[in-house]
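Coordinates in review
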Amino acid sequence: MNKEKWIKKIQDFAHSPLWVLTQKEITDHIKSFRFNILMGIILLTCVGSLYTALSTIRDVASNIESNQQLFLYLKVFTITDEGGTLPSFVTFVSFLGPLLGISLGFDAVNSERNKNTLLRVMSQPIPRDYIILAKFLGAISVIASFIFSLGFLVIGIGIVSMGIPPTFEEFIRIMTYLVMIIVYIGFWLALSILFSIRFKQAATSALAGISIWLFFSIFYGILVNLIVNTSVPDQLFQQAASVQQQSQELLTTLMRFSPNYLFTEITTILLTPSFRTLGPISMEQVAGTIPAPLELAQSLTIIWPQVIGILSAAVICFAISYFIFLFQEIRS
Amino acid sequence: MTETIIELTNVSKQYKETTAVKQLDLAINRGEIFGLLGPNGAGKSTTIYMMLGLTEPTKGEVHVCGVQATNYPIEVKRKVGFLPDDVGFYEDLTGLENLKLTAKLNGLSSVEAEERANELLSQVRLEEAKDKKVGKYSRGMRQRLGLADILMKDPEVVIMDEPTLGIDPKGINELLHLIKSLSVENGLTVLLSSHQLHQVQQICDRVGIFVKGELLAQGDIEKLQTELLKDHTYVYRVKVNNADSQLIEKLSMEANIEQIEEEDGFYLVRLKNEDQGELAQFMNANQYQLLSLERVSYGLDDIYQRYFQGGESIE
């Protein structure tokens with residue numbers, strides 16, 4: 001009985017206009033040059049960084065003391081070679097991920113509007129919000145399958161080259177990390193879909209998305225440093241521990257408005273289990289702690305606020321898109 | 001016998017500064033072809049969008065197939081096919097794929113969709129081009145594909161916004177006859193808007209003239225003609241050689257005269273009754289040298305011309 005109900009539900013969904021539209025979006029993305037070029041770029045850079053990581057992993061492994069857990073697979077994601085010729089996998093993903101999100105969303109609605117296909121789809125008996133929902137679902141499912149294939153590729157290459165399978169905890173940590181990447185890219189996707197609804201020209205909306213991405217990945221850090229430096233009143237007192245701590249706290253608080261920073265924190269905690277905390281801590285807190293890696297549940301507890309932060313930013317973007325789209329005149 | 005299928009009662013649409021539609025009342029019966037004629041920017045498209053529930057009227061109610069279009073647009077869209085002036089097809093899909101997408105959005109299964117699409121494609125004579133990408137279609141082909149597209153959902157009503165725009169005369173004829181035959185075969189109600197009277201009058205059962213947001217007249221073409229012409233029947237254009245300022249004064253004393261106007265050296269004289277030679281007599285009696293006297297008759301074309309140039313009245 002229950003099974004039949006589920007089958008019927010799945011069948012209903014397969015026939016629903018939402019799935020039809022999502023399917024079309026997925027097909028469009030997979031066939032598009034844009035997605036394939038981006039996929040190529042990300043794949044190449046990641047394989048490159050993977051190669052350097054795997055060639056230096058032996059040294060890393062020999063440096064680790066025998067009583068510690070190895071977390072070799074997590075290392076593969078984070079380390080670079082000694083010369084630092086290629087950044088690590090993590091750096092690449094956090095840098096190129098937003099670009100992927102922006103590029104899959106920036107012309108979602110305005111190009112359909114300009115080609116008049118929006119009007120044709122809207123004169124079919126479907127709710128208006130299905131259109132942007134399908135845009136989001138289509139893009140995010142393409143991104144998700146890409147990210148997961150990338151993750152599994154890393155694990156696969158790791159197994160082949162190192163000959164050690166990942167431990168269960170490593171595997172779970174990597175999976176969580178992959179889900180986090182998808183959430184993070186989802187935020188950028190939602191943002192660029194919002195721009196595609198707001199701006200009539202695809203170029204404007206792409207520029208808007210890219211400028212926000214650049215702002216947060218380059219200028220925001222500089223800006224926050226500037227604010228923190230000027231807010232510390234006197235150079236003389238800079239040495240005092242309390243002042244230093246204060247300015248450090250201000251720095252992290254301000255930085256946490258940036259989704260990029262939140263994602264960096266998530267990455268650090270998930271992939272480096274020996275990281276125990278994210279803010280500054282006092283000597284009293286450190287005293288007596290054993291320098292052991294955190295458990296997965298503990299790591300998750302630490303990054304939970306960050307995850308919620310990114311997720312809610314994405315939801316807010318999406319809510320605004322909904323609102324604008326539902327009340328927008330169809331005609332230009 | 002006649003059942004109203006589209007009904008607009010006291011509908012107004014106000015954009016920020018302009019009023020696109022003013023207190024429009026319109027009723028369209030089942031099975032007829034109604035032509036909404038008017039110049040560009042008259043509010044035709046706005047009216048159509050309100051019928052589909054794509055735009056909300058500021059005031060008034062729109063009922064289509066017995067459904068309130070503003071609040072239940074999805075119900076309306078299930079029964080109404082809409083062909084915009086420039087149909088947007090996904091250009092990288094073939095004609096067949098585009099139709100199948102529409103069919104699936106209307107809840108048809110893949111097999112049904114394919115069957116129906118093929119059937120309709122042959123009806124609009126596109127079966128040879130069905131596997132070509134729509135980007136390679138000509139404008140006339142697109143419009144025919146659009147026709148097939150709106151028929152995919154098996155609609156009760158078909159609404160077309162400027163269907164003949166940008167097609168060559170032969171294509172227009174074909175398209176219009178296609179529309180006519182489809183309407184007769186399937187018992188469709190058709191509403192089409194246009195600014196080209198000649199093309200539309202040959203297939204429309206009734207037309208409405210729509211200028212600056214107001215429906216000035218409606219009815220079949222003959223009725224419209226008499227309705228619009230009755231005021232302007234007794235207008236005479238007079239040319240006088242030695243006209244002076246007293247002419248108008250003197251002329252307006254005559255019993256039959258209703259109105260006199262001067263226009264590029266001519267006098268336009270409107271009479272209450274038909275002229276029985278009094279005008280010429282008057283001119284002679286007052287020693288004016290009458291050069292020409294002719295009755296001005298407005299054809300339907302002139303009326304459209306005048307209306308469509310944005311003139312609010314015919315004078």
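Heads up: these notes are all about the structure in this document. From a predicted model like this one, the values you see are computed outputs, not experimental measurements.

The secondary structure content of chain A amounts to 14 helices and zero strands. The linear arrangement of helices and strands in chain A, starting from the amino end, is α-α-α-α-α-α-α-α-α-α-α-α-α-α. Across the 332 residues that make up chain A, the buried fraction comes to 46%. The long-range share in chain A, meaning contacts at least 24 apart out of those at least 6 apart in sequence, stands at 79%. For chain A, the exposed surface amounts to about 17,200 Å²; the carbon and sulfur share of it is 67%.

Residue and element names in this part refer to chain A. Following both chains from N to C, one finds helix H8 (residues 129–162) and helix H14 (residues 296–327) inclined at 145°, their axes separated by 10 Å at the closest point. Considering the relative orientation of H8 and H14, their crossing is right-handed. Across the interface between the two elements, Asp 129, Ile 131, Ile 132, Leu 133 and Phe 136 from H8 touch Phe 318, Ser 321, Tyr 322, Phe 325 and Leu 326 from H14. Each residue belonging to the contact of H8 with H14 can be placed in one class, and the counts come to eight nonpolar, one polar and one charged.

Think of interface size as the accessible area that goes away when the parts come together; that is how it is often given. Between chain B and chain A, the residue contacts involve 28 residues of the former and 22 residues of the latter. Counting the surface lost from both chain B and chain A, the interface buries some 2,400 Å², and carbon and sulfur atoms represent 59% of this. On the chain B side of the contact with chain A, Leu 54, Tyr 90 and Leu 105 of chain B bury the most area, a combined 29% of that side's loss. At the junction of chain B with chain A, the criterion picks out one salt bridge. Here Arg 120 of chain A and Asp 149 of chain B are joined by a salt bridge, their closest N and O atoms 2.8 Å apart.

Time to look at the sheet that holds strand E9 (residues 206–211) of chain B. All names here are of chain B. Judged by pairing direction, the sheet is mixed, and its six strands sit side by side in the order E6-E7-E8-E3-E9-E10 without closing on themselves. One side of each edge strand has no neighbouring strand; the edge strands of this open sheet are strand E6 (80–83) and strand E10 (214–219). Between one strand axis and the next, the sheet turns by 15° as a mean value, whatever way the strands run. Direction of pairing for E9 relative to E10: antiparallel, over a ladder of five bridges. In the sheet register, Gly 208 faces E10, and the bridge partner there is Gln 218.

As a further point, take the side chain of Arg 173 of chain A. All names here are of chain A. Structurally, Arg 173 is set in helix H9 (residues 168–198). When its relative accessible area of 0% is taken as the criterion, Arg 173 is described as buried. Once residues lying within four places of it in the same chain are set aside, the contact partners of Arg 173 are Leu 74, Ile 269, Leu 270, Pro 273, Leu 294, Glu 295, Leu 296 and Ser 299.

The next subject is unusual backbone geometry. Backbone geometry places Asn 116 of chain A, a non-glycine residue, at a positive phi of 70°. Within the element layout of this structure, Asn 116 of chain A appears in the loop between helix H6 (110–114) and helix H7 (117–122). Even without glycine at this site, Cys 65 of chain B takes up a positive phi of about 55°. Inspection of the secondary structure assignment puts Cys 65 of chain B in the loop between strand E4 (59–64) and strand E5 (67–68).

Where like charges cluster on the molecular surface, the positive patch consists of Lys 31 of chain A together with Lys 132, Lys 133 and Lys 136 of chain B. Tracing the backbone through its elements, the reader meets Lys 31 of chain A in helix H2 (residues 17–31).

For the rest of this paragraph, the subject is the sheet that holds strand E12 (residues 257–263) of chain B. All names here are of chain B. What the four strands build is an open sheet, ordered E12-E13-E11-E14; its pairing is antiparallel. Of all the strands in the sheet, just E12 and strand E14 (290–296) have a single pairing partner and so form its edges. Averaged over all adjacent pairs, the angle separating strand axes in this sheet is 20°, with direction ignored. As paired strands, strand E11 (residues 235–240) and E14 are joined by six bridges and run antiparallel to one another. Bridging across to E14, Tyr 236 finds its partner in Arg 295.

What counts and what doesn't
Residues numbered from 1 in each chain as written. Chains lettered and ligands numbered in written order. Predicted model: local features only at pLDDT ≥ 70, side-chain atom pairs only at ≥ 80, totals over all residues. Heavy atoms only, no water. Helix = DSSP H or I, 4+ residues; strand = E, 2+ residues; numbered from the N terminus. Buried < 20%, exposed > 50% of the residue type's maximum accessible area, 1.4 Å probe, protein only. Contact = heavy atoms within 4.5 Å. Areas by Shrake-Rupley, 256 points an atom, 1.4 Å probe, with all protein chains shown as cover. Axes fitted to C-alpha atoms, helices over the stretch in contact; angles between N-to-C directions. Left-handed = near helix turned anticlockwise from the far one by under 90°. Nonpolar A, V, L, I, M, F, W, Y, C, P; charged D, E, K, R; others polar. Buried area = accessible area lost by both parts, 1.4 Å probe. Salt bridge = Lys/Arg side-chain N within 4 Å of Asp/Glu carboxyl O. Pairing = 2+ DSSP bridges. Patch = residues over 30% accessible without salt bridge, like charges linked within 9 Å, V, L, I, M, F, W, Y side chains within 5 Å. Lys, Arg positive; Asp, Glu negative; His and termini not counted. Charge placed at Lys NZ, Arg CZ, Asp CG, Glu CD.

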